[in-house]
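Understanding the architecture of this molecule
Spelled out, the chains give:
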Amino acid sequence: MDWITGVGVFLHPSSFEKTLGYSIIKVVMLERQKITVKSASEQLGVSVDTLRRLCNSGLIPHVRRNHLGFRVLEAWQINYARTMLGLKQAGLKLSELKNYTSLYRRGAETLPERKAILETQKRQLWQELEDRKQGIDFIERQIELIDQELK
């Protein structure tokens with residue numbers, strides 16, 4: 001028989017039923033439901049190809065296939081894909097995403113390293129934003145000069 005996990009709690013199904021009742025079991029069953037990549041990509045707002053690339057590159061751990069051979073994801077994998085997509089949008093490179101995933105798989109002891117990665121990326125993004133602002137300021141000055149010439 002499978003063991004059911006909650007927030008840090010592992011219960012055998014028979015004790016789970018007696019303790020928490022039917023409605024909780026239904027929620028757990030929905031959480032354990034497998035979702036196709038197509039459905040997951042719609043939930044995430046990305047293309048199927050994008051989600052498949054995440055799966056193929058190993059950035060989403062433990063991807064399984066159903067009896068028809070289609071990739072299927074659990075809710076936690078979809079949430080992890082959301083994290084990977086956010087980190088990608090924040091500018092992390094594939095090698096950095098793989099490193100982050102590797103650290104994630106090693107568990108909570110890697111939280112300081114993961115935090116350092118995020119803080120470094122945040123600093124880089126702020127610097128890029130400042131650089132862009134300076135570029136915009138320059139272009140605005142150039143437009144003003146051209147407007148003066150046109151008058």
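Scroll up to find the structure this text is about.
In this report, the structure presented in the accompanying data block is examined. Sequence positions are assigned chain by chain, starting from 1 and proceeding in written order. Only residues with pLDDT of 70 or above have their local features reported here, since the model is predicted, and side-chain atom pairs are shown and tallied only from 80 upward, although totals for entire chains, interfaces and linings are computed over all residues. Values shown for side chains rest on all heavy atoms present in the structure; no hydrogens or waters enter the calculation.

**What to know about unusual backbone geometry**
Backbone geometry at His-62 places phi at a positive 60°, although glycine is not the residue there. Think of it this way: any DSSP run of H or I at least four residues long counts as a helix, any run of E at least two long counts as a strand, and we number them from the N terminus. You can see His-62 is positioned in the loop between helix H4 (48-56) and strand E4 (64-65).

**Focus on the sheet that holds strand E5 (residues 71-73)**
The strand order across the open sheet built from 3 strands is E3-E5-E4, with neighbouring strands paired in antiparallel fashion. Single-partner strands in this sheet number two, and they are strand E3 (35-36) and E4. When DSSP locates at least two bridges between a pair of strands, those strands are taken to pair.

**Some details on the packing of H4 against helix H5 (residues 75-89)**
Here an axis means a line fitted to C-alpha atoms, over the contact stretch when the element is a helix, while the angle between two N-to-C directions is reported on a 0 to 180 degree scale. Across the interface, H4 lies against H5 with an axial gap of 11 Å and an inter-helix angle of 100°. Taken as axis vectors, H4 and H5 run roughly perpendicular relative to one another. Touching Thr-50, Leu-51 and Leu-54 of H4 are Ala-81, Met-84 and Leu-85, all from H5. Nonpolar residues are Ala, Val, Leu, Ile, Met, Phe, Trp, Tyr, Cys and Pro. Charged residues are Asp, Glu, Lys and Arg, and all others, Gly as well, are polar. Here the contact of H4 with H5 is built from residues that sort into 5 nonpolar, 1 polar and no charged. Roughly parallel refers to an angle under 35 degrees, roughly antiparallel to one over 145, roughly perpendicular to one between 65 and 115, and oblique to any angle outside these ranges. Residue contacts are defined here by distance: any two heavy atoms, one from each residue, within 4.5 Å place the two residues in contact.

**Remarks on the layout of surface pockets**
Considered as a void within the structure, the second largest pocket measures approximately 160 Å³ in volume. Contributing elements (two or more residues each) for the lining of the second largest pocket: H4 and helix H6 (94-106). When residues of the lining of the second largest pocket are assigned to their parent elements, the largest contribution, 3 residues, is made by H4. Residues of the lining of the second largest pocket, tallied by class, amount to 5 nonpolar, 2 polar and 3 charged. Of the grid points, spaced at 1 Å and generated over the protein atoms alone, those admitting a 1.4 Å probe that cannot get out make up cavities, while open sets with protein on both sides within 12 Å along at least five of seven lines make up pockets; any residue with an atom within 4 Å of a point is treated as lining. Grid points are joined across faces, edges and corners, and a volume is the space filled by probe spheres set on the points.

**Notes on the pattern of salt bridges**
The salt bridge definition used is simple: a Lys or Arg side-chain nitrogen within 4 Å of an Asp or Glu carboxyl oxygen. Scanning the model with the defined rule gives 5 salt bridges in all. In this structure, Asp-49 engages Arg-52 in a salt bridge whose closest nitrogen and oxygen atoms are separated by 3.6 Å. Here Asp-49 pairs with Arg-52, and both are found in helix H4, just 3 residues apart, close to one helical turn. Each residue is placed in one exposure class: buried if its accessible area under a 1.4 Å probe, protein chains only, is under 20% of its type's maximum, exposed if it is over 50%, and partly exposed if it falls in between. In this structure Asp-49 comes out as partly exposed when scored by relative accessible area, which is 46%. Taking the relative accessible area as the measure of exposure, Arg-52 reaches 35% and is therefore partly exposed.

**A few points about the packing of aromatic side chains**
To pair, rings of Phe, Tyr and Trp, with the six-membered ring standing in for Trp, must have centres within 6.5 Å; the planes then decide the type, stacked if under 30 degrees apart, edge-to-face if over 60, and tilted in the middle. One pass over the structure, following the stated rule, counts 1 aromatic pair. With centroids separated by 4.5 Å and ring planes inclined at 35°, the aromatic side chains of Tyr-80 and Tyr-104 adopt a geometry described as tilted. Of this pair, Tyr-80 sits in helix H5 while Tyr-104 is found in helix H6, placing the two residues 24 residues apart along the sequence. Tyr-80 gets classed as buried once you look at its relative accessible area, which sits at 5%.

**Overview of the environment of Leu-94**
Mapped onto the fold, Leu-94 is located in helix H6. The spacing of Leu-94 and Leu-54 is 40 residues in sequence and 9.7 Å in space, taken between C-alpha atoms. If near-sequence neighbours (up to four positions away) are discounted, Leu-94 is found in contact with Ser-57 and Leu-59.

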